[in-house]
Amino acid sequence: MAFMFLRESIRAYRERDPAARSSLEVFFCYPGLHAVLWHRAAHRLWQLGLRSSARFVSNMGRWLTGIEIHPAVKLGRRLVIDHGMGLVIGETAEVGDDVTLYHQVTLGGTSLSHGKRHPTVGDGVIIGAGAKVLGAITIGAGARIGANAVVTQSVPAGLTMVGIPARPIDRHRRAPAFDPYGTPCGEMIDPLVRDIESLRAELSDLESRVSRMAVARRETAD
Ligand SMILES: CC(C)(COP(=O)(O)OP(=O)(O)OC[C@H]1O[C@@H](n2cnc3c(N)ncnc32)[C@H](O)[C@@H]1OP(=O)(O)O)[C@@H](O)C(=O)NCCC(=O)NCCS
């Protein structure tokens, strides 16, 4: 299991970082990979209810990599954190499979409530260096967030968002597969598929809002 995790993670780095020359180089020299290994240990402790130990292990990982991932965070497979320094992922964030995050990305909260308050990031999302994604919002599968963008609203699947506040660019152009740094270099995606993906993202956003409202209502009733 751990071997498979390492193998597929290293492969993901080699596919998504043109600077990665060998698997050994990725294993020894990529703080993003090390941070996820520390997180796996911290998350296991968190799940066992050993909360303080989990925070301690997580903090060790932060000291050594400059990457802060709360031990409660659910990370998907083949996550690539490139460079990574200054990256922060808050407690209730969820990250899908095949996501790419660059240095100084923040998946942060905007409220002091204890419930879900951090983003849910869909499969295949790319978040550029310095981008801040804030609140209990959903970033739809395959979306791209430009460097230094500030995103506070849910983003439909496949869209590219840039700026502060983030706004969509070029709705009709999107890379068919991963491209380093999120820069497309080829064909377009079928617009119908893109629209269906957008509807799915909106639906999942609505579902998560309804479930948050249900939790809030139960808490008020108690
Ligand atoms: C957002 C991004 C994915 C868009 O890539 P793209 O589809 O090739 O877009 P383009 O470069 O054609 O730019 C389209 C428009 O968006 C603007 N734009 C692109 N990225 C932007 C950003 N981060 N912030 C603000 N505007 C941006 C461009 O200036 C251009 O504007 P124009 O139409 O007025 O000329 C890419 O620019 C990006 O930010 N990638 C992240 C890269 C990164 O973090 N690298 C770190 C490596 S260490």
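Everything in this summary refers to the structure shown in the same document. (Residues numbered from 1 in each chain as written. Predicted model: local features only at pLDDT ≥ 70, side-chain atom pairs only at ≥ 80, totals over all residues. Heavy atoms only, no water.)

Quick notes on the overall build of the chain
Within the chain one finds five helices and 15 strands. The C-alpha atoms of the chain give a radius of gyration of 17 Å, which matches the 17 Å a tight globule of 222 residues would have. Seen along its three principal axes, the alpha-carbon backbone of the chain occupies a region of about 55 × 45 × 30 Å. Put simply, the chain has 222 residues, and 42% of those count as buried. (Helix = DSSP H or I, 4+ residues; strand = E, 2+ residues; numbered from the N terminus. Rg over C-alpha atoms; globule rule 2.2 N^0.38 Å. Buried < 20%, exposed > 50% of the residue type's maximum accessible area, 1.4 Å probe, protein only.)

A look at the pattern of salt bridges
Opposite charge on two side chains permits them to pair, given that their charged atoms come into close proximity. The full count for this structure, using the stated rule, is eight salt bridges. Through salt bridges with shared partners, a single network forms among Glu-8, Arg-16, Arg-77, Arg-78 and Asp-98. (Salt bridge = Lys/Arg side-chain N within 4 Å of Asp/Glu carboxyl O.)

Quick word on the packing of aromatic side chains
The final tally for this structure, using the stated rule, is two aromatic pairs. Ring geometry for Tyr-13 against Tyr-30: centres 5.4 Å apart, planes inclined by 75°, an arrangement best described as edge-to-face. With Tyr-13 in helix 1 (residues 2–16) and Tyr-30 in the loop between helix 2 (23–29) and helix 3 (31–47), the pair connects residues that are 17 residues apart, well separated along the chain. With respect to burial, Tyr-13 and Tyr-30 carry one shared label: buried. Looking at Arg-40, its charged tip hangs above the ring of Phe-5, at a distance of 4.0 Å from the centre. (Phe/Tyr/Trp six-rings, centres within 6.5 Å; stacked < 30°, edge-to-face > 60°. Lys NZ or Arg CZ within 6 Å of the ring centre and 35° of its normal.)

As for the sheet that holds strand 13 (residues 150–151)
Spatial strand order, 1-4-7-10-13: five strands in an open sheet with parallel pairing. Each edge of the open sheet carries a strand with a single partner, namely strand 1 (68–69) and strand 13. The pairing of strand 4 (residues 88–89) with strand 7 (residues 106–108) spans two bridges and is parallel. The residue of strand 7 that forms the bridge with Val-88 is Thr-106. (Pairing = 2+ DSSP bridges.)

Observations regarding the nonpolar core
Residues Leu-107, Ile-127, Ile-139, Ile-145 and Val-151 are the most contacted members of the largest nonpolar core, which totals 39 residues. Where this core is concerned, the elements lending two or more residues are helix 1, helix 3 and strand 3 (80–82). Element by element, the count of residues in this core is highest for helix 1, at four residues. Residues in contact with Val-151, not counting those within four places in the same chain, are Lys-132, Val-133, Leu-134, Ile-137, Ile-139, Ile-145 and Ala-166. (Core = buried A, V, L, I, M, F, W, Y, C linked by side-chain atoms within 4.5 Å. Contact = heavy atoms within 4.5 Å.)

Some words on the environment of Leu-48
One can find Leu-48 in the loop between helix 3 and helix 4 (51–65). Residue Leu-48 is classed as exposed on the basis of its relative accessible area, which comes to 60%. The sequence separation of Leu-48 and Met-4 amounts to 44 residues, and the corresponding C-alpha distance is 23 Å.

Things to note about empty space enclosed by the protein
Applying the stated criterion across every chain yields a total of three cavities of 30 Å³ or more. Forming the walls of the largest cavity are Ala-35, Trp-38, His-39, Ser-58, Gly-61, Arg-62, Ile-67 and Ile-69. Every element with two or more residues in the lining of the largest cavity is listed here: helix 3 and helix 4. Of the residues contributing to the lining of the largest cavity, the split by class is four nonpolar, three polar and one charged. (1 Å grid on protein atoms, 1.4 Å probe; cavity = no way out; pocket = protein on both sides within 12 Å on 5 of 7 lines; lining within 4 Å. Points joined across faces, edges and corners; volume = space filled by probe spheres on them. Nonpolar A, V, L, I, M, F, W, Y, C, P; charged D, E, K, R; others polar.)

Focus: the environment of Tyr-102
Positionally, Tyr-102 belongs in strand 6 (residues 100–102). Residues Tyr-102 and Ala-141, 39 residues apart in the sequence, show an inter-C-alpha distance of 17 Å.

Some remarks on the layout of surface pockets
The space that makes up the largest pocket amounts to roughly 400 Å³. Residue assignment for the lining of the largest pocket shows that the elements contributing at least two residues are helix 1, helix 3 and strand 2 (74–75). When residues of the lining of the largest pocket are assigned to their parent elements, the largest contribution, six residues, is made by helix 3. By residue class, the composition of the lining of the largest pocket is seven nonpolar, five polar and six charged.

Brief notes about the sheet that holds strand 2
The strands that make up a sheet are held in pairs by hydrogen bonds between backbone atoms, and each pair lies either parallel or antiparallel. Ordered in space as 2-5-8-11, the four strands form an open sheet in which the pairing is parallel. The sheet is open, and its two borders are formed by strand 2 and strand 11 (138–139), each paired with just one other strand.

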